[in-house]
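# Examining the three-dimensional arrangement
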Amino acid sequence: MAMALRCFRHLPLLLYRSSFAMTRGLPQGPAGCSVLLLDGCRQCVHQVLLTRKLATKKGKGKGQSQAKVNISAALVEDIINLEETNEDMQAVVEALKEDFSRNLSVRTSPGALDHITVVTQEGRFPLNQLGQISQKSPQLIVVNMASFPESTAAAMKAIRDSGMNLNPEVDGTIIRVPVPKVTREHRESLAKLAKQSTNKSKEALRKVRSKSINQVKKFKSKVSEDTIWLLEKQIQQMADSTAAEMDKLLAAKTKELLG
């Protein structure tokens, strides 16, 4: 009798929640989950928060955006680390920024040659670890290869193949690098290189996205279909946002290069 009274006391609350769930389109508690557990059942809360948000358009008008997904990283940490995924995507953006700054400048400076990779028999090294780089005049950069004379030819090739429109000349262990004049053709060439670099970065971004989605799919047999769907959509949204950031960087760099 006492048990029946306790259950009856919670009946209005149960009916209210059931009605609210139906009105909002939210899933109800899993089978076997009593009203007394609804307040603290992690499975219920998890399922409610991860209910599929239909990606329908807000209206038939042109330009309407789709519904966005924003999943709490803490709720899905056992499936995938979304913060780590975001960090990996941002690392691609930072690498693109560095490439723009280092290799795609209208005016060549000694620092622009520092990290040109030189392939030698002993391995791959930045140019500034093999030679002493200095600027003799606004039109001339000199690389002294006296410390590693055997790598002079490899350094010459690396500078020529750097994509910086440089034509080095060698005199013993001294490499002279004339700084090209800033012509319209040179600016357009740099703008094309910026586009190529951005495309490579987007390919790296797609690999991060695919890796993350594959990680989520490993849990298909352990979590609901809605959870998988939402996570895939969230990862895609993160990738789209990062790609848009890259497009803005490219537009700014192109404007800078073309003047």
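Report follows, based on the coordinates. Just so we're clear, the structure is a prediction, and the values are computed from it rather than from any experiment.

Within the chain, the secondary structure is distributed over 8 helices and 6 strands. Secondary structure elements in the chain, listed N-terminal to C-terminal, are α-α-α-α-β-β-α-β-β-α-β-β-α-α. Taken across its 259 residues, the chain has 30% of its residues classed as buried. Within the chain, contacts between residues at least 6 apart in sequence are counted, and of these 60% link residues at least 24 apart. Of the roughly 16500 Å² that the chain leaves accessible, carbon and sulfur atoms contribute 52%.

For the rest of this paragraph, the subject is the nonpolar core. Core analysis: the biggest nonpolar cluster contains 30 residues, and L82, M89, L231 and I235 have the highest contact counts within it. Elements represented by at least two residues in this core include exactly α3 (82-103), α7 (184-217) and α8 (225-258). Sort the elements by how many residues they give to this core and α8 lands first, with 10 residues. With sequence-adjacent residues up to four places away left out, L82 is seen in contact with I71, A73, V76, L231, Q234, I235 and M238. Ranked by size, the runner-up nonpolar core spans 19 residues in total, among them V118, A158, V177 and V179.

Turning our eyes to something else, we now look at the side chain of T198. Tracing the backbone through its elements, the reader meets T198 in helix α7. Given a relative accessible area of 1%, T198 falls into the buried group. When sequence neighbours within four positions are dropped, the list of residues in contact with T198 reads L96, F100, M246 and L250.

Note: strand β1 (residues 117-120) against strand β2 (residues 123-126), 4 bridges, orientation antiparallel. Bridge assignment links V119 to a residue of β2, and that residue is R124.

All right, on to the sheet that holds strand β4 (residues 140-144) then. Within the open sheet, the 4 strands sit side by side as β3-β4-β6-β5. Their pairing is antiparallel. The open sheet has two edge strands with one neighbour each: β3 (132-137) and β5 (169-171). The sheet shows a mean angle of 25° between the axes of neighbouring strands, direction not considered. Of the strand pairs in this sheet, β5 and strand β6 (residues 174-178) are connected by 3 bridges, and their pairing is antiparallel. Note on β6: the bridge partner recorded for V170 is I175. Contacting β4, β5 and β6, helix α6 (residues 152-160) runs over the sheet at an angle of about 10° to β6.

The description of two packed helices rests on the angle between their axes and on the distance between the axes. Running from amino to carboxyl end, α3 crosses α7 at an angle of 165°, the nearest separation of the two axes being 10 Å. Here α3 lies roughly antiparallel to α7, going by the angle between them. Between α3 and α7 lies a crossing of right-handed hand. In this structure, α3 uses T85, D88, M89, V92, L96, D99, F100 and N103 to contact α7, whose residues at the interface are L190, A194, S197, T198, S201, A204, L205, V208, R209 and S212. Split into classes, the residues belonging to the contact of α3 with α7 amount to 9 nonpolar, 6 polar and 3 charged.

Here we take up the environment of K68. When you line up the elements, K68 lands in the loop between α2 (42-49) and α3. Spatially, the C-alpha atoms of K68 and Q237 are 7.8 Å apart, while their sequence positions differ by 169 residues.

Running from N to C, α7 and α8 point in directions that differ by 170°, and their axes come no closer than 10 Å. Judged by the angle between their axes, α7 and α8 are roughly antiparallel. Taken together, the residues of the contact of α7 with α8 break down into 15 nonpolar, 6 polar and 11 charged.

With that out of the way, let us pick up a negative patch on the surface. On the surface, E83, E84, E87 and D88 cluster together into a negatively charged patch. Positionally, E87 belongs in helix α3. E87 gets classed as exposed once you look at its relative accessible area, which sits at 53%.

Definitions and limits used
Residues numbered from 1 in each chain as written. Predicted model: local features only at pLDDT ≥ 70, side-chain atom pairs only at ≥ 80, totals over all residues. Heavy atoms only, no water. Helix = DSSP H or I, 4+ residues; strand = E, 2+ residues; numbered from the N terminus. Buried < 20%, exposed > 50% of the residue type's maximum accessible area, 1.4 Å probe, protein only. Contact = heavy atoms within 4.5 Å. Areas by Shrake-Rupley, 256 points an atom, 1.4 Å probe, with all protein chains shown as cover. Core = buried A, V, L, I, M, F, W, Y, C linked by side-chain atoms within 4.5 Å. Pairing = 2+ DSSP bridges. Axes fitted to C-alpha atoms, helices over the stretch in contact; angles between N-to-C directions. Parallel < 35°, antiparallel > 145°, perpendicular 65-115°, else oblique. Left-handed = near helix turned anticlockwise from the far one by under 90°. Nonpolar A, V, L, I, M, F, W, Y, C, P; charged D, E, K, R; others polar. Patch = residues over 30% accessible without salt bridge, like charges linked within 9 Å, V, L, I, M, F, W, Y side chains within 5 Å. Salt bridge = Lys/Arg side-chain N within 4 Å of Asp/Glu carboxyl O. Lys, Arg positive; Asp, Glu negative; His and termini not counted. Charge placed at Lys NZ, Arg CZ, Asp CG, Glu CD.

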